[in-house]
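Structural features, examined
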Amino acid sequence: MAEKGKAAIYKGLGHRMEIVEYPISEPEPGAILLKTRRANICGSDLHVWRGDVDLANLGQPLPIIMGHEMTGTVVQLGEGVLTDSAGEPLATGDRIVHRYFYPCGHCWACLTGQDYACPLASFSVYGVSEDQPHFLGAYAEYYFIRPNHVVFKVPDDLSDEMVASANCALSQVIFGLEKVGLNFGETIVIQGAGGLGIYATAVAKEMGAKKVIVIDGIDERLEMAKAFGADELIDMRQLATPAERMMKVRELTDGWGANVVAELVGFPHIVAEGLDLLGNGGRYLEIGNISPLKTFEFDPSAIVLNNKSIIGVMLYPPPTLKKALDLLSRTKNKYPFDKILSHSYPLEEINEAFAEQDKGHICRSSIVL
Ligand SMILES: [Zn+2]
Ligand SMILES: [Zn+2]
């Protein structure tokens, strides 16, 4: 094992990430030391980088190593770690994916089988990088998976490109679509064809959606949505107003409206439009908006009078990550999963990678280590 590893550290609003070196220590009992292979730029990382989310203001001590959507290779297993969470034996050199947050295990949410809703889970993602064991974020050569983790071995037939988004984007939309109760034969509108929207398109098709309608305004993203099974595309450059898009969705749903609408891009002002796209009894899935204090205006009687509901979903339960790997294995020849990570950068170019991703035309970028 090397003695030191490189990491990109984030010190707070307005700072570029800096490359530093930290000493590598042995994993504590129950933990796993990984060599990072790919670490992606997830929308939530971009919100922090852009300054939409002030981590210090949310109570997160800094500096940290950002990043959570990733895959890596086992360097060393802590005492007592013998298998993955499905009971498969684990050894040095195995590629794995892990759940990147750590619920407390004893709050009301944890005790009632909803550990994704644990108030401590989202605060457990990062740790202060100055403190041991340093490597608690993805943008680094090494990463410590803490005790009480959920990890799964990556099947040999899946490449790093295919699995690197499994532990965030893909698992998030699988659980979201389950939670909103997307049923066989229903019609869904997806707002935004970024990484989440592209995965959601394929997942909705695999769950038996009759029609998947994707709204976006960038050619590359609309083309990806098509490749991932979208039945209909709505180009926001052609249908530029919410009223025009609503007319189109009505036309595509025999005048009824969508059964499910999923917001996967993170703009508050599109929530009202999305709720209007629902037919009576429809369900709205909210995943994209994670920046606090951003609001929208809406007439709540439209929910009551039309029996609509809004489901907010953050994080996911342990089996979802296994379902994500199984889905990738099952459908890898049907959808171009290896194309989602369209741009790769070395760790040293992480600030440039974020700046490019921020321009909006890139589906998803990845730091390759
Ligand atoms: Zn993420
Ligand atoms: Zn808890």
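Residues numbered from 1 in each chain as written. Chains lettered and ligands numbered in written order. Predicted model: local features only at pLDDT ≥ 70, side-chain atom pairs only at ≥ 80, totals over all residues.

1. What to know about the pairing of strand β9 (residues 187-191)
Cut-off, in case you're wondering: A residue is called partly exposed when the number of other C-beta atoms within 10 Å of its own lies between 12 and 20, exposed at 12 or fewer, and buried at 20 or more, with C-beta atoms placed from the backbone. We count a stretch as a helix when DSSP gives it H or I for four or more residues in a row; a strand needs E for two or more, and each element gets its number in order from the N terminus. Paired strands, in this sense, are two strands between which DSSP finds at least two bridges.
Along β9, 5 of the 5 residues are buried, which leaves the element largely enclosed by surrounding structure. The alternating pattern of β9 places Thr187, Val189 and Gln191 and Ile188 and Ile190 on opposite faces, both of which are buried. Bridging between β9 and strand β10 (residues 211-216) involves 5 bridges; their strand directions are parallel. Pairing of glutamine 191 across the sheet is with isoleucine 215, part of β10.

2. Here we look at the environment of isoleucine 234
Operational definition: We call two residues in contact if the C-beta atoms placed from their backbones are at most 7 Å apart.
By the element assignment, isoleucine 234 lies in strand β11 (residues 232-235). In this structure isoleucine 234 comes out as buried when scored by C-beta crowding, with 22 C-beta atoms within 10 Å. As for isoleucine 234 and tryptophan 108, which are separated by 126 residues in sequence, their C-alpha atoms are 42 Å apart. Excluding anything up to four places from it in sequence, isoleucine 234 contacts Ile213, Ile215, Leu239, Arg245 and Lys248.

3. Focus: the domain arrangement of the chain
Definition in use: For the purposes of this description, domain bounds are those given by an automatic or database domain assignment. Just so you know the grouping, Ala, Val, Leu, Ile, Met, Phe, Trp, Tyr, Cys and Pro go in nonpolar, Asp, Glu, Lys and Arg go in charged, and all remaining residues, Gly too, go in polar.
Segmentation of the chain into domains returns domain 1 (4-169 + 316-368) and domain 2 (181-312). Between the C-alpha centres of domain 1 and domain 2 the distance comes to 28 Å. Looking at the side of domain 1 that touches domain 2 element by element, the count peaks at 3 residues for helix α1 (residues 43-50). Across the side of domain 1 that touches domain 2, the residue classes tally to 7 nonpolar, 7 polar and 2 charged.

4. With respect to the pairing of strand β15 (residues 341-345)
Remark: a regular strand shows side chains that alternate across the two faces of the sheet. The line we're drawing: Seen with its strands pointing away from the viewer, a crossover is right-handed when the path leading from the first strand over the helix to the second is clockwise.
As paired strands, β15 and strand β16 (residues 364-368) are joined by 4 bridges and run parallel to one another. When the bridges of β16 are listed, serine 344 appears paired with serine 366. For the crossover from β15 across helix α11 (residues 350-358) to β16, the handedness is right-handed.

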